[in-house]
Amino acid sequence: MGKGDKYASLAEELLGKLGGASNVADAAHCMTRLRVLPIDRSKVKMEDIKNTEGVFGVIEEETIQIVLGPGVVNKVHTEFEKLLGEASGDLNLKEVASKNKSEIDRKNAKPFRLFLRRIASIFIPLIPALVASGLITGITKAIVQAGWLAAESQLAIILTVIGSGLFAYLGILVGTNAAKEYGGSPALGALAGILVINPAVGDISLFGENLLPGRGGLIGVLFAAIFMALVEKQVRKFIPQSLDIILTPTIALLITGIVTYIVFMPVGGFLSDAITTGLLNVLDFGGVVAGFVLGAAFLPLVITGLHQGLTPVHLELINSIGDDPLLPILAMGGAGQVGAAFAIYMKTKKASLKRAIGGGLPSGMLGIGEPLIFGVTLPLGRPFLTACLGAGVGGAFQAQFGIATSSIGVSGLPLTFLVHPNQIALFLAGLFISYIAGFIFTYLFGFKDEMAVEFK
């Protein structure tokens, strides 16, 4: 059986256990999870999905999140969408699904969770671009720092331009995605981003002071783009259809522009300063204790999916102070998990558990922790806690030495290229400390082979 057949077979198997195509309102994926919104949850065979070969775990929230791992999930999602398309036939399933999704959203509406879901929907699609740009920028800096390439050489300049372009215009992409999420026109969302980052903003003087281009950062862009989408929808209700294409975007842009410069940029700037100053104060005064708590607490955020809500915080830190001292601390979560997995591998005599760990370890070391979390440590229970303790030790080390990244990306070993070149050795030391701490805690206190009753 070819690989394509393998992914198609897994998609077909999962669809059947989800109640068939007629029971799927929506399907999407992130880096590791297939996210499915069922119409009737009683038709979903949850235990059968969990026991499906190739599934590392299942998270039940607003959507059913099936952990398949990086590289696999996008291929399975493609086959899954094909099956949904083939099954739709002449039925208007999209319309039915939309109605059911609205009802489910209403029943499950929890303001904070819905807010974080929307934030994740805005920033998750940007992760591939952020990772690519960050890696190119980080590797270029490391090569120049090592003296292998002159900073003024054309190759170094070209690589720097390629890597840094995204961060200069990130507000446009954030504005585009925010508009989509709130039902506005993507092009107008992009304009909202331009309103904030446009260098000509510096010529505007309000209340006796000139505005600063980019003031308010991504928070200001989010405010402007969401407001633009809401204004657009309201204005469209009153504009004749024949004049809609002319008047609606013009009025929306004009109103949003004025409100952005008077309200959103100053307020966004205040909130940005509060967030960055607050986090820096926590790290400065809390030191190793703050690093331990933040490192240890990250894995519980991952299992709920709430860690995606931190993406704009990381980006705002980079926008405000030039780097991100939070990401190296949180990245220790995956490292503690890797150490715990190594300890279980060394102690267990169960071949199936060894195979599960062997399949998840490469991804874990490369910063994708869900296969190990949902396939190994979380089902076993206590190893998940000892992995968190190992992460806390590494987080304390990163906080103590003030390790920071110049961009955001996946954690684990690839994050090395995003750390400031003069801090790479310290970052790697902290990473291996987390490996070792997670290993020791789990080997001594976290695992006995009789815990692995689910593994044959």
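First, a word on scope: everything that follows refers to the structure included in this document. This one's a predicted model, so the numbers in the text were calculated from it and none came from an experiment.

### Here's the deal with the overall build of the chain
Thinking step 1. When helices and strands are tallied, the chain shows 18 helices and 6 strands.
Thinking step 2. Computed over C-alpha atoms, the radius of gyration of the chain comes to 24 Å, within 12% of the 23 Å expected from 2.2 N^0.38 for 456 residues, which places it in the range of a compact globule.
Thinking step 3. In the chain, which comprises 456 residues, the proportion classed as buried is 48%.
Thinking step 4. Put simply, of all contacts in the chain between residues at least 6 apart along the chain, 73% involve residues at least 24 apart.
Thinking step 5. Split by element, the accessible area of the chain, about 21300 Å² in all, is 65% carbon and sulfur.
Thinking step 6. Mean positive and mean negative side-chain charge positions of the chain (34 and 33 charges, respectively) differ by 6 Å.

### Section: the sheet that holds strand 3 (residues 57-60)
Thinking step 1. Strands sit in the order 1-2-4-3 across an open sheet of 4 strands; the sheet is antiparallel. The open sheet has two edge strands, strand 1 (24-29) and strand 3, and neither has a second partner. Within this sheet the neighbouring strands show an average axis-to-axis angle of 20°, counted without direction.
Thinking step 2. As defined by bridge partners, strand 1 adjoins strand 2 (residues 33-38) across 5 bridges and the pair is classed as antiparallel. Bridging from a neighbouring strand, histidine 29 pairs with leucine 34 of strand 2.
Thinking step 3. Across the face of the sheet, helix 16 (residues 370-380) comes into contact with strand 2, strand 3 and strand 4 (64-67) while running at roughly 95° to strand 4.

### Looking at the environment of lysine 50
Thinking step 1. The residue lysine 50 is located in helix 2 (residues 46-50) in this model.
Thinking step 2. Distance from lysine 50 to glycine 375, taken between C-alpha atoms, is 9.6 Å for residues 325 residues apart in sequence.

### Description of the pattern of salt bridges
Thinking step 1. Taken as a whole and assessed by the stated rule, the structure comprises 6 salt bridges.
Thinking step 2. A salt bridge links glutamate 47 to lysine 50, with the shortest nitrogen-to-oxygen separation between them at 3.6 Å. Here lysine 50 and glutamate 47 lie together in helix 2, a separation of 3 residues that amounts to about one turn.
Thinking step 3. A salt bridge links arginine 215 to aspartate 273, with the shortest nitrogen-to-oxygen separation between them at 3.2 Å. Here arginine 215 is found in the loop between strand 6 (209-210) and helix 10 (217-236), whereas its partner aspartate 273 is found in helix 11 (residues 244-304), with 58 residues between them in sequence.

### Structural notes on the packing of aromatic side chains
Thinking step 1. Throughout the structure, instances matching the rule amount to 5 aromatic pairs.
Thinking step 2. Measuring from centroid to centroid gives 5.6 Å for phenylalanine 439 and tyrosine 443, while their planes differ by 15°, and the two rings are stacked. Taken together, the residues span about one helical turn, with phenylalanine 439 and tyrosine 443 both in helix 18 (residues 424-446) at a distance of 4 residues.
Thinking step 3. Overall, phenylalanine 439 belongs to the partly exposed group, its relative accessible area being 26%.
Thinking step 4. Judged by relative accessible area, which is 36%, tyrosine 443 ranks as partly exposed.
Thinking step 5. Cluster of aromatic residues (ring-pair linked, three or more members): Phe223, Phe227 and Phe264.
Thinking step 6. When the ring centre of tyrosine 443 is taken as origin, the NZ or CZ atom of lysine 347, which lies over that ring, is 5.1 Å away.

### Section: the pairing of strand 3
Thinking step 1. In this sheet, strand 4 lies alongside strand 3 in antiparallel orientation, the contact comprising 4 bridges. Counted as the bridge partner of valine 58 is isoleucine 66 from strand 4.
Thinking step 2. The antiparallel hairpin formed by strand 3 and strand 4 contains 3 residues in its connecting segment.

### Overview of the side chain of threonine 276
Thinking step 1. The topology assignment puts threonine 276 in helix 11.
Thinking step 2. With a relative accessible area of 5%, threonine 276 lands in the buried category.
Thinking step 3. A distance of 3.2 Å separates the side chain of threonine 276 from the backbone oxygen of aspartate 273, its partner in a polar contact.

### Describing helix 6 (residues 127-145)
Thinking step 1. With 19 residues, helix 6 extends 26 Å between its outermost C-alpha atoms, agreeing within 8% with the 27 Å of an ideal straight helix rising 1.5 Å per residue.
Thinking step 2. Residues of helix 6 that are buried include every one of Ile127, Leu130, Val131, Ser133, Gly134, Thr137, Gly138 and Thr140, and no others.
Thinking step 3. With its phi angle positive at about 85°, glycine 147 sits one or two positions after the end of helix 6.

### Some points on the packing of helix 10 against helix 12 (residues 311-321)
Any two packed helices are characterised by how steeply their axes cross, that is the angle between the axes, and by the distance between the axes.
Thinking step 1. Relative to each other, helix 10 and helix 12 sit at 120°, their axes nearing to 7 Å. In this view, helix 10 runs oblique relative to helix 12, as classed from their interaxial angle. Contact residues: Gly217, Leu218 and Ile219 in helix 10; Leu315, Glu316 and Asn319 in helix 12.
Thinking step 2. When the residues that make up the contact of helix 10 with helix 12 are grouped by side-chain class, the tally is 3 nonpolar, 2 polar and 1 charged.

### Focus on the packing of helix 16 against helix 17 (residues 382-400)
Thinking step 1. The interhelical angle for the contact between helix 16 and helix 17, taken along N-to-C directions, is 105°, at an axis separation of 4 Å. Regarding the angle of helix 16 to helix 17, the classification is roughly perpendicular. For the pair helix 16 and helix 17, the contacting residues are Ile373, Thr377, Leu378 and Leu380 in the first and Arg382, Pro383 and Phe384 in the second.
Thinking step 2. A per-class count over the contact of helix 16 with helix 17 returns 5 nonpolar, 1 polar and 1 charged.

### Things to note about the pairing of strand 2
Thinking step 1. Burial analysis of strand 2 places 6 of its 6 residues in the buried class, which makes it a mostly covered element.
Thinking step 2. In strand 2, alternate side chains face the same way, and those of Arg33, Arg35 and Leu37 on one face and Leu34, Val36 and Pro38 on the other are all buried.
Thinking step 3. In sequence, strand 1 turns back onto strand 2 through a hairpin of 3 residues.
Thinking step 4. One ladder, built from 4 bridges, connects strand 2 with strand 4; its direction is antiparallel. From the neighbouring strand, valine 36 faces strand 4, where its bridge partner is isoleucine 64.

Definitions and cut-offs
Residues numbered from 1 in each chain as written. Predicted model: local features only at pLDDT ≥ 70, side-chain atom pairs only at ≥ 80, totals over all residues. Heavy atoms only, no water. Helix = DSSP H or I, 4+ residues; strand = E, 2+ residues; numbered from the N terminus. Rg over C-alpha atoms; globule rule 2.2 N^0.38 Å. Buried < 20%, exposed > 50% of the residue type's maximum accessible area, 1.4 Å probe, protein only. Contact = heavy atoms within 4.5 Å. Areas by Shrake-Rupley, 256 points an atom, 1.4 Å probe, with all protein chains shown as cover. Lys, Arg positive; Asp, Glu negative; His and termini not counted. Charge placed at Lys NZ, Arg CZ, Asp CG, Glu CD. Pairing = 2+ DSSP bridges. Axes fitted to C-alpha atoms, helices over the stretch in contact; angles between N-to-C directions. Salt bridge = Lys/Arg side-chain N within 4 Å of Asp/Glu carboxyl O. Phe/Tyr/Trp six-rings, centres within 6.5 Å; stacked < 30°, edge-to-face > 60°. Lys NZ or Arg CZ within 6 Å of the ring centre and 35° of its normal. Polar contact = N/O pair within 3.5 Å; in protein donor to acceptor, adjacent residues only side chain to side chain. Expected span 1.5 Å × (residues − 1). Parallel < 35°, antiparallel > 145°, perpendicular 65-115°, else oblique. Nonpolar A, V, L, I, M, F, W, Y, C, P; charged D, E, K, R; others polar.

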